[in-house]
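# Analysis of the macromolecular model
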Amino acid sequence: MKTKIQEDFSSSAKGMKRSAIREVLKLTQREDIISFAGGLPAPESFPIEDIKRIAVKVLDRDQSKALQYGATEGENELRQILVDRYKKQGVELELENLVMLTSSQQGLSLLGKVFLDPEDIVICGLPSYLGGISAFSTYGAKLQGIPLDDKGMRSDFLEKELQKLKDNGKKPKFIYLVPDFQNPAGITMPESRRIEIIQLAHKYGVLIVEDSPYRELRYEGEEQRMIYELDKEGQTITLGTFSKTFVPGFRLGWVMADPSIIDKFVMSKQSADLCTSAFLQSKKDFTIKTSRQ
């Protein structure tokens, strides 16, 4: 008798669904398709010659390190560059608050691994980023959508939902937000709304997950302070990536959080991929000019 392999899948595997994003991207391989759905940067913007030059430099100078396993936390030189960059923006950050990832999408998956048990509640925008929904659903989370207005997630609806859950003896594991150029609505949350949501998170003791892949793609308007900066209680986890500002093929991102949370991310990442590519993190010429600068 042929074994019914499907019966042996875990409950998580049985709940998995193909990523709608990846299915859309398959269509982009067709020459007759110009897609505006997948968030793909124009290939003409990739700094090809700079990347060639940098790759040669890395292999000439740091080949033994670049081609070897690296630390799970990431290469300290790159981590320090990110820490210094955030500090210039007013964010209080140290190396212990940041770990490198193989893309910020890995961060969404590790979030589920660290925080979610089946039937746990995650609050998100309505609508919200499909990649986040998919990552959290894989771990059996129940997503509760909060409607948006022209300022992002409605804080009045959020408070009603948090109070309702509390009255029923429940608490969500975290509130998932894309505050800058929200995917898919495109809304940037003003600082006043960010503060309202932070205050509610403090009041009800709920973590905030700030997914921030698009923050640096601003062409007009005023930059809003990050939720990570505004939250003085350390209840925010922030995800970042180079995919939207450099090249997506490098799959290089990071997560910022309280050291106790970072420690769990490190342990979870060790069982996922051991470490992010050392070659991609190797010391490079960070003064290169690209068409997006």
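Up top is the structure these notes are about.
Position labels on residues start from 1 in each chain and follow its written sequence. With the structure being a predicted model, the display of local features is reserved for residues of pLDDT at least 70 and the display and counting of side-chain atom pairs for 80 or more, all residues being used for whole-chain, interface and lining totals. Side-chain calculation: all heavy atoms of the structure are included, whereas hydrogens and water are not.

What follows deals with the environment of Ser277. Here Ser277 shows up in the loop between α11 (259-270) and α12 (278-281). Burial status follows relative accessibility: with a 1.4 Å probe on protein chains alone, a residue under 20% of its type maximum counts as buried, one over 50% as exposed, and anything between as partly exposed. Residue Ser277 is classed as partly exposed on the basis of its relative accessible area, which comes to 33%. A distance of 3.3 Å separates a polar side-chain atom of Ser277 from the backbone nitrogen of Phe279. Helix numbers and strand numbers start at the N terminus; a helix is a DSSP run of H or I with at least 4 residues, a strand a run of E with at least 2. In protein, a polar contact requires one atom able to donate a hydrogen and another able to accept it; more generally it is a pair of N or O atoms within 3.5 Å, and residues adjacent in sequence count only if both atoms are side-chain atoms.

Take the pattern of salt bridges next. As a working rule, side chains carrying opposite charge can pair if their charged atoms are close by. One speaks of a salt bridge when a side-chain nitrogen belonging to Lys or Arg is within 4 Å of a carboxyl oxygen belonging to Asp or Glu. A complete count under the given rule lists 17 salt bridges for this structure. One salt bridge in this structure joins Lys173 and Asp120, with 2.7 Å as the shortest N-O distance. Of this pair, Lys173 sits in the loop between α8 (155-167) and β5 (174-177) while Asp120 sits in the loop between α6 (104-115) and β2 (121-126), and the two are 53 residues apart along the sequence. In this structure Lys173 comes out as partly exposed when scored by relative accessible area, which is 28%.

The subject of this paragraph is the side chain of Arg194. Locating Arg194 in the fold gives a position in helix α9 (residues 191-204). Setting aside its immediate chain neighbours within four residues, Arg194 contacts Pro179, Asp180, Thr188, Met189, Glu210, Arg215, Gln224, Arg225, Met226, Ile227 and Leu230. Whether two residues touch is decided by their heavy atoms; if any such pair falls within 4.5 Å, the residues are in contact.

Another aspect to go through is the sheet that holds strand β3 (residues 142-149). DSSP-based pairing: two strands are paired if at least 2 bridges between them are found. Here eight strands make up an open sheet; going across it, the order is β1-β8-β7-β6-β5-β2-β3-β4 and the pairing mixed. Two strands close off the open sheet at either side, each with one partner strand: β1 (98-101) and β4 (152-153). On the sheet, helix α5 (residues 76-88) packs against β1 and β8 (253-256) and is oriented at approximately 120° with respect to β1. In this description, a line fitted to the C-alpha atoms serves as the axis of each element, helices being fitted only across the stretch in contact, and the angle between N-to-C directions of two axes falls anywhere from 0 to 180 degrees.

Before going further, it helps to examine the environment of Leu110. Of note, Leu110 is situated in helix α6. A C-alpha to C-alpha distance of 6.6 Å links Leu110 and Ser268, two positions 158 residues apart in sequence. Dropping the residues within four chain positions of it, Leu110 is found in contact with Leu101, Phe265, Ser268 and Lys269.

Right, let's get into the pairing of β3. Both β2 and β3 contribute to a ladder of six bridges, which runs parallel. Paired with Ile121 across the strands is Lys142, a residue of β3. Bridge count between β3 and β4: two bridges; the pairing is antiparallel. In the strand pairing of β4, Asp149 is matched with Gly152. What sits between the antiparallel neighbours β3 and β4 is a turn of two residues.

Taken by themselves, the reported measurements are silent on function.
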